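Fold and geometry: a report
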Amino acid sequence: MSAKRRDAEGRPQTAHSWESLVERQIREAMEAGAFQDLPHQGERLPIEDDSAAGEWAMAHRMLKNAGAAPPWIESDKEARRLLAELDAMRARAARVSAVSRDRLRRDHAELVRSVNRAIERVNAEAPTERQHRRPLDAAAEGERLERAFDSR
């Protein structure tokens, strides 16, 4: 519907609505060929399956399109990064001298604690138990490191 107003002499005037302005801009862009090289032209747009997200599907899609993620996913990324760092530390263990082993043991124990803190954060923020991670057993991780020392 157009906006109606009166000029200084009281004659009715009709202004263009925002809708007609938008339609005109789209038409001009189409005539200029702005939409010629778009992906999926003439095809159905692919729709991602967000059925696992349930009622949060739209919010997750908006966050993804904005380059962001829900807090629990960001926390899980951090936990995975720390777990990869722990794996890399164990891989280095076979090449560490006997003198440096005590320092690596301390660094390893601190990293295991950091991983468990990150896992606690994920478990506190994740919406369901399906996204939870199991905390690391510090003693079992220490044994894995010792086995890595002996794998020369």
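The grouping of V22, I26, M30, F35 and L38 at the surface amounts to a nonpolar patch, some 440 Å² of accessible area in total. With respect to the helices and strands, L38 occurs in the loop between α1 (18–31) and α2 (57–65).

A few words on the nonpolar core. If you look at the biggest cluster of nonpolar residues, it comprises 17 residues, and the most contacted ones within it are A93 and L104. Looking at this core, the elements with two or more residues in it are α3 (71–93), α4 (101–125) and α5 (138–149). Element by element, the count of residues in this core is highest for α4, at seven residues. If sequence neighbours within four positions are ignored, A93 has contacts with L104, L145, A148 and F149.

Our focus in this paragraph is the packing of α3 against α4. The geometry of α3 relative to α4 is characterised by a closest axis approach of 9 Å and an angle of 160° between their N-to-C directions. If you check the angle between α3 and α4, you find them roughly antiparallel. Taken as a pair, α3 and α4 cross one another with a handedness that is left-handed. Taken together, the residues that form the contact of α3 with α4 break down as 15 nonpolar, three polar and eight charged.

Once that is clear, we can look at the packing of α3 against α5. Where α3 contacts α5, the two axes come as close as 7 Å, and the packing angle between them is 35°. Mapping the contact onto sequence places L86, R90 and A93 in α3 and E141, R144, L145, A148 and F149 in α5.

Here we take up the pattern of salt bridges. A full pass over the atoms with the stated rule returns 15 salt bridges. In this structure, R27 engages E31 in a salt bridge whose closest nitrogen and oxygen atoms are separated by 3.4 Å. On the criterion of helical spacing, the pair formed by R27 and E31 is a turn pair, its members being four residues apart in helix α1. Residue R27 is classed as partly exposed on the basis of its relative accessible area, which comes to 41%. Among the residues examined, E31 registers a relative accessible area of 59% and is labelled exposed. A salt bridge links R105 to D102, with the nearest nitrogen and oxygen atoms 2.9 Å apart. One end of the pair is R105 and the other is D102, both in helix α4 and three residues apart, which spans about a single turn. Among the ionic contacts, a cluster of salt bridges with common partners joins D87, R90, E141 and R144.

Conventions adopted
- Residues numbered from 1 in each chain as written.
- Predicted model: local features only at pLDDT ≥ 70, side-chain atom pairs only at ≥ 80, totals over all residues.
- Heavy atoms only, no water.
- Patch = residues over 30% accessible without salt bridge, like charges linked within 9 Å, V, L, I, M, F, W, Y side chains within 5 Å.
- Areas by Shrake-Rupley, 256 points an atom, 1.4 Å probe, with all protein chains shown as cover.
- Salt bridge = Lys/Arg side-chain N within 4 Å of Asp/Glu carboxyl O.
- Helix = DSSP H or I, 4+ residues; strand = E, 2+ residues; numbered from the N terminus.
- Core = buried A, V, L, I, M, F, W, Y, C linked by side-chain atoms within 4.5 Å.
- Buried < 20%, exposed > 50% of the residue type's maximum accessible area, 1.4 Å probe, protein only.
- Contact = heavy atoms within 4.5 Å.
- Axes fitted to C-alpha atoms, helices over the stretch in contact; angles between N-to-C directions.
- Parallel < 35°, antiparallel > 145°, perpendicular 65-115°, else oblique.
- Left-handed = near helix turned anticlockwise from the far one by under 90°.
- Nonpolar A, V, L, I, M, F, W, Y, C, P; charged D, E, K, R; others polar.

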